[in-house]
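Each chain, letter by letter, is given below.
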Amino acid sequence: MINFHILTLFPEMVMQGLHTSILGRAAERGDISIEAVNIRDYTTNKHGRVDDYTYGGGAGMLMQAQPVYDAYRAVIDHVSQNENKNKSARVIYLTPQGKTFCQEMAQDLAKEEELIFLCGHYEGIDERVLEEIVTDEVSIGDYVLTGGELPAMVMVDAIARLVPGVLHNDESAQTESFGNGLLEYPQYSRPEIWHDKQVPQVLLSGDHAKVDAWRLEQSLLRTRERRPDLYEKYREKHPETT
Ligand code: SAM
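Quick caveat: nothing in here was measured; it's all calculated off a predicted structure.

Novice: Explain a negative patch on the surface to me, and be specific about the residues and the numbers.
Specialist: Taken together, E127, E131, E132 and E137 make up a surface patch of like negative charges. Broken down by element, the negative patch gets its largest block of residues, three residues, from helix 5 (residues 127-133). With respect to the secondary-structure elements, E137 resides in strand 7 (residues 136-139). Take E137: its relative accessible area is 33%, and that puts it in the partly exposed class.

Right under this line is the structure:
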């Protein structure tokens, strides 16, 4: 069970996106919980402002420290009161300047009980509050988006599907791409022939050992061709691989 808390200026965006399909059903069952906290609700500005000009000039507005900090405090206080836990939740700031997100990071974060995601908008967030509350800075790739909401949704999705019970079949998270360091093998469903293309015979044989051997071979071929960097890492760990 993981409780995801997303600090954002656009709560409806993340709630709609994340309460759909597999994650929506997992939240209904109580395997995960996802709450979006509206940073604007915590501003002390009487006009509801959460951003201001940057010192030193430059284009665009910056999210101010006060509402971000107070929204964070509200989550931390709520977690420690409700769960009687000490308040050591990891706080992940989504930023193009962070470490690039990957499956290994998702596996590491899936061990936590409480995760707080901080979504920036406009030009980002006042550095002082980041210094005070953030434990991890994570990017979803070398490009700049308008806000941290989509990156937070990407991360929550990838982490949540590793929580026991979220996927119908927990095994699928292990056999999928990156689970064992390789890309997944090709897969087929009915009919046996489609557009004159036949499903590989071995998959119809009922011989599980042969199917497993074929799948591993296909994974290796595919990884070597598409992701030579992953293939080399795999070979270092499995020197028997040709
Ligand atoms: N001024 C910032 C910079 O140059 O590093 C970019 C700010 S961006 C326009 C606004 C917000 O979108 C960021 O605070 C961050 O939360 C989010 N964001 C944008 N691109 C991202 C990425 N590749 N990964 C994670 N978050 C991103």
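Back to the text.
Novice: So what's going on with the pattern of salt bridges? Which residues, and what values?
Specialist: Close approach of charged atoms allows side chains of opposite charge to pair. All chains considered together, the criterion is met by ten salt bridges. A salt bridge links E112 to R90; its shortest N-O distance comes to 3.3 Å. Taken together, the residues E112 in the loop between helix 4 (103-109) and strand 6 (114-119) and R90 in strand 5 (residues 90-100) connect sequence positions 22 residues apart. We note a salt bridge from R128 to D126, for which the minimum N-O separation is 2.7 Å.

Novice: Lay out the sheet that holds strand 6 with the relevant residues and their values.
Specialist: Remark on secondary structure: sheet strands pair via backbone hydrogen bonds, oriented parallel or antiparallel. The strand order across the open sheet formed by five strands is 2-1-6-5-7, and the pairing between neighbours is parallel. Sheet topology places strand 2 (32-38) and strand 7 at the edges, where each strand pairs with a single neighbour. Strand-to-strand twist across the sheet, computed as the mean angle between neighbouring axes with direction ignored, equals 30 degrees. Relative to strand 7, strand 5 runs parallel, the two sharing five bridges. Counterpart to L94 in the pairing with strand 7 is V138.

Novice: Account for the nonpolar core, with residues named and values stated.
Specialist: F4, I6, I32, F117, M155 and I159 are the most contacted members of the largest nonpolar core, which has 34 residues in total. Listing elements by their share of this core, those giving two or more residues are strand 1 (2-8), helix 1 (11-18), helix 2 (21-29), strand 2, strand 5, helix 4, strand 6 and helix 6 (149-160). Considering each element in turn, this core owes the most residues, seven residues, to helix 6. Apart from residues no more than four positions distant in its own chain, I159 is found in contact with I2, F4, F101, A106, L109, A110, L115 and F117. Counting 22 residues, the second-largest nonpolar core is a separate cluster that includes I39, Y93, I116 and V129.

Novice: Outline the site of the ligand, listing residues and values.
Specialist: Of all residues adjacent to the ligand, which total 21 residues, the nearest are Y93, L94, Q97, E123 and Y143. Here a nitrogen atom of the ligand and a backbone polar atom of I140 are 3.1 Å apart. Between the ligand and G141, the relevant distance is 3.1 Å, taken from a nitrogen atom to a main-chain nitrogen or oxygen of the residue. Burial of the ligand by the protein chains amounts to 85% of its free accessible area of 580 Å². Contributions of two or more residues to the shell around the ligand are made by strand 5 and strand 7. Tallying contributions element by element places strand 5 first for the shell around the ligand, with five residues. For the shell around the ligand, the per-class residue count stands at ten nonpolar, ten polar and one charged.

Novice: Outline helix 6, supporting the account with residue identities and numerical values.
Specialist: Its twelve residues place the ends of helix 6 16 Å apart at the C-alpha level, agreeing with the 16 Å of an ideal helix rising 1.5 Å per residue. Counting buried residues in helix 6 gives nine out of twelve residues, a clear majority hidden from the surface. When helix 6 is considered as a whole, its buried residues turn out to be E149, P151, A152, M153, M155, V156, A158, I159 and A160.

Novice: Now, about the domain arrangement of the protein chain: what can you tell me, with residues and values included?
Specialist: Per the domain assignment, the segments making up the protein chain are domain 1 (2-160) and domain 2 (176-237). With centres defined by C-alpha atoms, the gap from domain 1 to domain 2 works out at 37 Å.

Novice: Quick one: what's the story with the side chain of H5, residue by residue and with numbers?
Specialist: Relative to the helices and strands, H5 resides in strand 1. A polar atom in the side chain of H5 sits 2.7 Å from the side chain of E114. Not counting chain neighbours up to four residues away, the residues in contact with H5 comprise E35, V75, V79, E114, L115, I116 and F117.

Procedures and definitions
Along each chain, the written sequence defines residue order, and numbers are assigned to residues from 1. The model is predicted, so local features are restricted to residues of pLDDT at least 70 and side-chain atom pairs to those at 80 or more, both for listing and for counting; the totals for chains, interfaces and linings are taken over all residues. Side-chain measures were taken over the full set of non-hydrogen atoms in the model, leaving aside hydrogen atoms and water. Residues qualify for a patch when their relative accessible area is over 30% and they have no salt bridge, like charges being joined within 9 Å and the nonpolar side chains of Val, Leu, Ile, Met, Phe, Trp and Tyr within 5 Å. The Shrake-Rupley method, run with a 1.4 Å probe sphere, supplies the accessible areas, and residue values consider only the shown protein chains as cover. Think of a salt bridge as a Lys or Arg side-chain nitrogen and an Asp or Glu carboxyl oxygen that are within 4 Å of each other. His is not counted, nor are the chain ends, whereas Lys and Arg count as positive and Asp and Glu as negative. Just so you know, the charge point we use is NZ for Lys, CZ for Arg, CG for Asp and CD for Glu. A run of H or I in DSSP becomes a helix once it reaches four residues, and a run of E becomes a strand once it reaches two; helices and strands are each numbered from the N terminus. Working definition: with a 1.4 Å probe on protein chains only, accessible area under 20% of the residue-type maximum means buried, over 50% means exposed, and in between means partly exposed. Pairing between strands is defined by DSSP: at least two bridges between the two strands are required. Think of each axis as a best-fit line through the C-alpha atoms, taken over the contacting stretch in the case of a helix, with angles from 0 to 180 degrees between the N-to-C directions. We define the nonpolar core as a collection of buried residues of types Ala, Val, Leu, Ile, Met, Phe, Trp, Tyr and Cys that are connected through side-chain atoms lying within 4.5 Å of one another. Residues count as neighbours in contact if any of their non-hydrogen atoms are within 4.5 Å of one another. One heavy atom within 4 Å of a molecule or strand is enough for the residue carrying it to be called near that molecule or strand. Two N or O atoms form a polar contact when they lie within 3.5 Å of each other; inside protein one atom must be a possible hydrogen donor and the other a possible acceptor, and for residues adjacent in sequence the pair counts only when both atoms belong to side chains. Ten residue types, Ala, Val, Leu, Ile, Met, Phe, Trp, Tyr, Cys and Pro, are classed as nonpolar, four, Asp, Glu, Lys and Arg, as charged, and the remainder, Gly among them, as polar. Expected span of a helix, by definition, is 1.5 Å for each gap between consecutive residues, and there is one gap fewer than residues. Boundaries between domains were set according to an automatic or database domain assignment.

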